[in-house]
Number of protein chains: 2
Amino acid sequence: MFKYVGIMRVRTSRDLGAAIRQARRSLRLTQAGLAARAGVTRTWLSSVENGKPGAEVGMILRTLDVLDLAIDLQPAGPRHGGFDLDALLGVDDG
Amino acid sequence: MFKYVGIMRVRTSRDLGAAIRQARRSLRLTQAGLAARAGVTRTWLSSVENGKPGAEVGMILRTLDVLDLAIDLQPAGPRHGGFDLDALLGVDDG
DNA sequence: GCGGAATGTCAACGTTCAGCGGCATGCAAT
DNA sequence: ATTGCATGCCGCTGAACGTTGACATTCCGC
């Protein structure tokens with residue numbers, strides 16, 4: 001359980017909160033523990049994990065950094081969700 | 001110029017602002033145009049593109065959505081640049 | 001150079017945030 | 001059942017946000 005978390009696609013603040021929570025748990029950190037390392041308060045982290053849209057992006061970035069979560073922005077070209085494993089492996093996608 | 005923007009890795013709010021600006025220009029949108037579509041004010045967008053760390057994440061997400069920029073969070077485990085195909089093909093969640 | 005558009009920036013205002021302290025709930029282990 | 005920890009939530013305060021409207025500056029085409 002909570003062993004490994006793959007690439008997560010985020011669209012809303014709820015997604016973001018869920019992703020942070022997952023990553024935190026996969027590192028076996030408590031909210032208080034993560035908050036301390038990221039320099040935020042536990043109350044704030046709790047609200048963020050629950051999808052607060054008004055949270056400041058700078059604090060979010062610090063938190064993701066502590067969680068070793070890299071943020072990649074990619075133009076929505078021909079891709080649909082996550083990465084295109086088929087194309088990656090050379091599967092003929094018709 | 002401003003033809004295509006590849007995947008951008010973001011660590012700070014400055015990176016984020018730069019990425020947004022790049023994507024906006026690649027779509028040949030003005031700040032006013034993008035702001036209108038994203039439901040934000042031009043003043044806010046200007047400050048965000050200049051790296052304001054206190055911006056609300058919800059508005060950022062709306063903006064990225066309009067720009068067709070997908071957000072991927074990926075655990076920075078043994079990875080270096082791209083993703084680890086070996087691990088990808090060998091995942092065993094058990 | 002000129003003119004217009006795009007962008008940066010400022011002040012005032014109302015709104016909302018983050019921090020703090022505390023308390024209630026839920027869950028697991030004893 | 002009781003203890004302990006993790007988490008959610010409340011009120012309060014001070015600080016910072018976002019909006020509006022305006023003005024200054026920069027950029028780009030002509």
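Right, let's walk through the structure included here.

## Here we look at the interface of chain A and chain B
You'll often see interface size given as the accessible area lost when the parts meet.
For step 1, the next point in the chain: Each partner contributes to the interface: chain A provides 37 residues, whereas chain B provides 38 residues.
For step 2, the next point in the chain: Summed over both sides, the interface between chain A and chain B buries roughly 3,500 Å², with carbon and sulfur atoms accounting for 61% of that surface.
For step 3, the next point in the chain: Remark: the boundary between chain A and chain B carries four salt bridges.
For step 4, the next point in the chain: Here Asp65 of chain B makes a salt bridge to Arg11 of chain A, at a shortest N to O gap of 2.6 Å.
For step 5, the next point in the chain: Taken together, the connections running from chain A to chain B amount to 16 residue pairs in polar contact (both at pLDDT 80 or more).
For step 6, the next point in the chain: For the side of chain A that touches chain B, the secondary structure elements donating two or more residues are β1 (8-10), α1 (13-26), α4 (57-66), β2 (69-75) and α5 (85-89) of chain A.
For step 7, the next point in the chain: Here the side of chain A that touches chain B takes seven residues from β2 of chain A, the largest share from any one element.

## A short note on the protein's contact with DNA strand D
For step 1, the next point in the chain: DNA strand D sits among 17 residues. The nearest are Arg21, Arg24, Gln31 and Ser46 of chain A together with Thr41 of chain B.
For step 2, the next point in the chain: With respect to DNA strand D, the side chain of Arg21 of chain A contributes an N or O atom lying 2.5 Å from a phosphate oxygen.
For step 3, the next point in the chain: The side chain of Thr41 of chain B places a nitrogen or oxygen atom 2.7 Å from a phosphate oxygen of DNA strand D.
For step 4, the next point in the chain: For the surface near DNA strand D, the secondary structure elements donating two or more residues are α1 and α3 (42-49) of chain A together with α3 (42-49) of chain B.
For step 5, the next point in the chain: Its residues placed into classes, the surface near DNA strand D shows three nonpolar, eight polar and six charged.

## Details of the protein's contact with DNA strand C
For step 1, the next point in the chain: Residues in contact with DNA strand C amount to 16 residues; listed here are only the nearest, Lys52 of chain A together with Arg21, Arg24, Gln31 and Ser46 of chain B.
For step 2, the next point in the chain: Those atoms of DNA strand C that come within 4 Å of the protein belong to sugar or phosphate at a rate of 76%.
For step 3, the next point in the chain: Lys52 of chain A is positioned with one of its side-chain polar atoms (N or O) 2.7 Å from a phosphate oxygen of DNA strand C.
For step 4, the next point in the chain: Asn50 of chain B has a polar side-chain atom sitting 3.4 Å from a phosphate oxygen of DNA strand C.

## Let's talk about helix α4 (residues 57-66) of chain B
All names here are of chain B.
For step 1, the next point in the chain: Counting buried residues along α4, seven of its 10 residues qualify, which places the element largely inside the surrounding structure.
For step 2, the next point in the chain: Turning to α4, its buried residues number three or more, namely Val57, Gly58, Met59, Ile60, Leu61, Thr63 and Leu64.
For step 3, the next point in the chain: Positioned one or two residues after α4, Asp68 has a phi angle of 60°, which is positive.

## Observations regarding unusual backbone geometry
Residues and elements named next belong to chain B.
For step 1, the next point in the chain: In the Ramachandran plot, Arg28 falls in the positive-phi region, its phi being about 55° despite a non-glycine side chain.
For step 2, the next point in the chain: For Arg28, the position within the fold is in the loop between α1 (13-26) and α2 (31-38).
For step 3, the next point in the chain: Residue classification places Arg28 among the exposed positions, given a relative accessible area of 62%.
For step 4, the next point in the chain: In this model, Asp68 sits at a positive phi of 60°, which is unusual for a non-glycine residue.
For step 5, the next point in the chain: For Asp68, the location among the structural elements is in the loop between α4 and β2 (69-75).

## Description of the relation of the copies chain A and chain B
For step 1, the next point in the chain: Relative to chain B, chain A is turned by 180° and slid 0.0 Å along the rotation axis, the superposed coordinates differing by an RMSD of 0.0 Å. Taken together, the rotation angle and the small translation identify this as a two-fold axis.
For step 2, the next point in the chain: Looking at the interface residues of chain A, 92% of them are also at the interface in chain B, so both copies use one shared face.

Here is what the cut-offs are and how they apply
Residues numbered from 1 in each chain as written. Chains lettered and ligands numbered in written order. Predicted model: local features only at pLDDT ≥ 70, side-chain atom pairs only at ≥ 80, totals over all residues. Heavy atoms only, no water. Contact = heavy atoms within 4.5 Å. Buried area = accessible area lost by both parts, 1.4 Å probe. Salt bridge = Lys/Arg side-chain N within 4 Å of Asp/Glu carboxyl O. Polar contact = N/O pair within 3.5 Å; in protein donor to acceptor, adjacent residues only side chain to side chain. Helix = DSSP H or I, 4+ residues; strand = E, 2+ residues; numbered from the N terminus. Near = heavy atom within 4 Å. Nonpolar A, V, L, I, M, F, W, Y, C, P; charged D, E, K, R; others polar. Buried < 20%, exposed > 50% of the residue type's maximum accessible area, 1.4 Å probe, protein only. Least-squares fit on C-alpha atoms with pLDDT ≥ 70 in both.

The values are spatial; any link to function lies outside them.
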